[in-house]
Amino acid sequence: MRGRPVRVVLIDDHELVLEGLKAMLARFTGRVRVVGEAASADDALGVVTALAPDVVLCDVRLRGSSGLDLCRRLTEQHPECRVLLLSVYEDEQYLYQALRVGAAGYLLKRVGGEELVRSLELACAGETVVDPTLAARVASSAARLHSQEFWPGARLGLSQRESEVLGGIVAGLSNRAIATQLVIGDETVKSHARAIYRKLGVSDRAGAVAAALREGVFR
């Protein structure tokens, strides 16, 4: 048993979400205590440095930045602090990305109060927490990976659609040609391309092609 409540910092760029989380956790004051909050990545770094919480509960998407990038920075600068990512996205690829950047777990925003508190306690104790909704998908994905029945780029955190877009980029197709091939809009292709660049750690098409070939995604 812990001798004190888990000290938590909340990070979300929506005030309504922050207030909702605080109200939810306020029912468990003996187990969890919210010690701070932030609405941006830059503010979050300062708050965590000043307060040294046990766990940071952070949204995956932040205005103008990424919760995944923030998670990486927090775990590098404050390795003693555990980061739980909170999201509306029921996509196991986000979970894989979260774990790759050092997150202590990935929860969906519809999580209930008791489950959230228990997850914060487990994270604080060093456990990795995965939302139950995603657990079966993760097991299925693991089986598919083991049998090599997965799309190229999955191990790099790319979704199936992102892998298809990357294939078009590697083939030298324009955004419009990729959109036509995949029957999606030009803006959707651009959005996927931005996500691909971020996940591969590059800034343009040439970098994405080089990374794809270097990692053996496409040959």
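Quick caveat: nothing in here was measured; it's all calculated off a predicted structure. (Residues numbered from 1 in each chain as written. Predicted model: local features only at pLDDT ≥ 70, side-chain atom pairs only at ≥ 80, totals over all residues. Heavy atoms only, no water.)

Visitor: Break down the pattern of salt bridges for me, with residues and values.
Guide: Enumeration according to the criterion identifies 14 salt bridges in this entry. Here Lys-109 makes a salt bridge to Asp-59, at a shortest N to O gap of 3.0 Å. Highlighted residues: Lys-109 in the loop between strand E7 (105–108) and helix H5 (113–124) and Asp-59 in strand E3 (residues 55–59), separated in sequence by 50 residues. Since its relative accessible area comes to 28%, Lys-109 is described here as partly exposed. What makes Asp-59 buried here is its relative accessible area of 7%. One salt-bridge network, in which partners are shared between bridges, spans Arg-31, Glu-114, Arg-118 and Glu-121. (Salt bridge = Lys/Arg side-chain N within 4 Å of Asp/Glu carboxyl O. Helix = DSSP H or I, 4+ residues; strand = E, 2+ residues; numbered from the N terminus. Buried < 20%, exposed > 50% of the residue type's maximum accessible area, 1.4 Å probe, protein only.)

Visitor: Tell me about the side chain of Asp-12, residues and numbers included.
Guide: You can see Asp-12 is positioned in the loop between strand E1 (6–11) and helix H1 (15–25). Of the residues examined, Asp-12 reaches a relative accessible area of 1% and is grouped as buried. Within the structure, Asp-12 has its side chain in polar contact with the backbone nitrogen of His-14 (distance 2.9 Å). (Polar contact = N/O pair within 3.5 Å; in protein donor to acceptor, adjacent residues only side chain to side chain.)

Visitor: Run through the sheet that holds E1, naming residues and quoting values.
Guide: Read across the open sheet, the 6 strands follow the order E2-E1-E3-E6-E7-E8; overall the sheet is parallel. On the outer flanks of this sheet lie strand E2 (32–38) and strand E8 (129–130), each paired with one strand and no other. Where E1 meets E3, 4 bridges bridge the pair, whose relative direction is parallel. Along E3, the bridge assignment pairs Ile-11 with Cys-58. (Pairing = 2+ DSSP bridges.)

Visitor: Describe the domain arrangement of the protein, with residues and values.
Guide: By the assigned domains, the protein splits into domain 1 (6–140) and domain 2 (148–214). Three residues stand out in domain 1 for area buried against domain 2, namely Gln-93, Gln-97 and Arg-100, and they jointly supply 68% of the buried area on that side. The tally of links from domain 1 across to domain 2 stands at 0 salt bridges. If you look at where domain 1 meets domain 2, you find 2 residue pairs in polar contact (both at pLDDT 80 or more). Looking at the side of domain 1 that touches domain 2, the elements that each hand over two or more residues are helix H3 (67–77) and helix H4 (92–100). Top contributing element to the side of domain 1 that touches domain 2 by residue count: H4, with 3 residues. Broken down by class, the residue content of the side of domain 1 that touches domain 2 amounts to 1 nonpolar, 3 polar and 2 charged. (Domains from an automatic or database assignment. Buried area = accessible area lost by both parts, 1.4 Å probe. Nonpolar A, V, L, I, M, F, W, Y, C, P; charged D, E, K, R; others polar.)

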